[in-house]
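# Fold and contact review
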Amino acid sequence: MSATFGGRSGRQGKLSQWLRGRRPKETADPGGREALLLAAAAAGLPLAPAAHPGAGYGCSCDRVGCPTPARHPVSFAWQTQSTTDRAQIERWARQQPQANFITATGMVHDVLDVPLEAGREALERLLDAGVEVGPVAESDDGGRMLFFTLTRGTPQDEDEWWPCELDCHPETMDEHPGLRWHCRGSYVLVPPSRLPGDGERGLRWLRGPEHPLPEPLSLLETLTDACARHTGDPAGAAWPPRH
């Protein structure tokens, strides 16, 4: 009896040790990742898991030649999956400790996505002018700056809004190097996201999600003006093409 009990205890002890050994990996939060994600969700940004840097082609997905490594959602149902629910985001963050996260735009917020140098110039001008600027993120690769704003919603006249093509064709940046307006049907990464490449490349907040979302039109003129100067296209390269 004692031997049998001892055997069971030994197996139970090993199981307990195995579970204890796994817990740090499942709940670890390097650099406050989970706290940053929850702060974004608390600000109203709906989140969903995304791919992360991986070996081989630079992306954790199984697509050979992935055009946007570590920048796309994991699920095709990302629009309906996106949520601000704290418990769900905690589960995702702990179960997928390497995953990046995207936020679906056009629900609560839009994102004005501009070249880095144009964004820095515009941000300085906006702050100097006393304009209320909301959350702003900066990418280490690709040189982009993201200005988070309230969404325009869906105007009564569909011709008055510009649906944004999903950020899945980086080669088109040469054709449209100015401002991208991520609205209905689009998404962007949220910090803290890791990007492929040497060193610690990623997306980080310059101004965190605690800043209230501004109206997009309060930033638009300054951003388009800065983009036109930096892209050398005063005729309006700052506007995304209509689809």
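About the thresholds
- Residues numbered from 1 in each chain as written.
- Predicted model: local features only at pLDDT ≥ 70, side-chain atom pairs only at ≥ 80, totals over all residues.
- Heavy atoms only, no water.
- Helix = DSSP H or I, 4+ residues; strand = E, 2+ residues; numbered from the N terminus.
- Buried < 20%, exposed > 50% of the residue type's maximum accessible area, 1.4 Å probe, protein only.
- Contact = heavy atoms within 4.5 Å.
- Areas by Shrake-Rupley, 256 points an atom, 1.4 Å probe, with all protein chains shown as cover.
- Core = buried A, V, L, I, M, F, W, Y, C linked by side-chain atoms within 4.5 Å.
- Pairing = 2+ DSSP bridges.
- pLDDT = per-residue confidence, 0-100.
- Disulfide = S-S within 2.5 Å.
- Axes fitted to C-alpha atoms, helices over the stretch in contact; angles between N-to-C directions.
- Expected span 1.5 Å × (residues − 1).
- Salt bridge = Lys/Arg side-chain N within 4 Å of Asp/Glu carboxyl O.

This part takes up the overall build of the chain. Looking only at helices and strands, the chain has six helices and nine strands in total. Per-residue burial over the chain gives 43% buried out of 243 residues. Long-range contacts, defined as pairs at least 24 residues apart, comprise 75% of the intrachain contacts of the chain with a sequence gap of at least 6. For the chain, the exposed area adds up to about 13000 Å²; of that, 52% sits on carbon and sulfur atoms.

Before going further, it helps to spend a moment on the nonpolar core. One recurring pattern in soluble globular proteins is that nonpolar side chains are buried together. Among the nonpolar cores identified, the biggest contains 28 residues, and L37, L47, I89, F101, I102, L146 and F148 are the most heavily contacted of them. Secondary-structure elements contributing two or more residues to this core are α2 (33-42), β1 (47-50), α4 (86-95), β2 (100-104), β5 (144-150), β7 (187-190) and β9 (202-207). Those residues in contact with L47 that sit more than four places away from it in its chain are L37, A40, A41, Q81, S82, T83, I89, W92, F101, I102, T103 and V190. Grouped together as the second largest cluster of nonpolar side chains are 19 residues, L179, W181, C183 and C227 included.

Turning to unusual backbone geometry, a few remarks are in order. With an omega of 0°, the peptide bond between P191 and P192 qualifies as cis. Within the element layout of this structure, P192 appears in the loop between β7 and β8 (193-194).

Across the seven residues that make up strand β3 (residues 109-115), a large majority, seven, are buried. As paired strands, β3 and β5 are joined by seven bridges and run antiparallel to one another. Bridge pairing links V114 to M145 in β5. Examined bridge by bridge, β3 and strand β6 (residues 180-182) share three bridges and lie antiparallel to one another. Looking at the pairing, D113 lines up with R180 of β6.

Per-residue pLDDT for the chain has a mean of 78; in total, 70% of the residues score no lower than 70. In the model, residues 160-176 has pLDDT below 50 throughout and makes 41 contacts with residues more than four positions away in sequence or in other chains.

What follows covers the state of the cysteines. Going through the model one piece at a time under the given rule, you end up with zero disulfides. The cysteine C59 is free of any disulfide, with C61 supplying the nearest cysteine sulfur at 3.5 Å.

What the six strands build is an open sheet, ordered β6-β3-β5-β4-β9-β8; its pairing is antiparallel. Sheet topology places β6 and β8 at the edges, where each strand pairs with a single neighbour. Contacting β3, β4 (136-139), β5 and β9, helix α5 (residues 116-128) runs over the sheet at an angle of about 45° to β5. Set on the sheet, helix α6 (residues 217-231) makes contact with β3, β5 and β6; between it and β3 the angle comes to about 15°.

Here we take up α6. The terminal C-alpha atoms of α6, which comprises 15 residues, lie 21 Å apart, in line with the 21 Å expected from a rise of 1.5 Å per residue. Of the residues making up α6, those classed as buried are L219, L220, T222, L223, T224, A226, C227 and A228. For α6, the elements touching its buried residues are β3, α5, β5 and β6.

This next bit is on the pattern of salt bridges. Under the defined criterion, the tally for this structure stands at 10 salt bridges. Linking R94 and E34 is a salt bridge whose minimum nitrogen-to-oxygen distance equals 2.8 Å. Here R94, found in helix α4, pairs with E34, found in helix α2; they are 60 residues apart in sequence, far enough to count as distant. The partly exposed category is assigned to R94, whose relative accessible area is 34%. Taking the relative accessible area as the measure of exposure, E34 reaches 10% and is therefore buried. Connected through shared salt-bridge partners, E117, R120, E138 and R204 make up one network.

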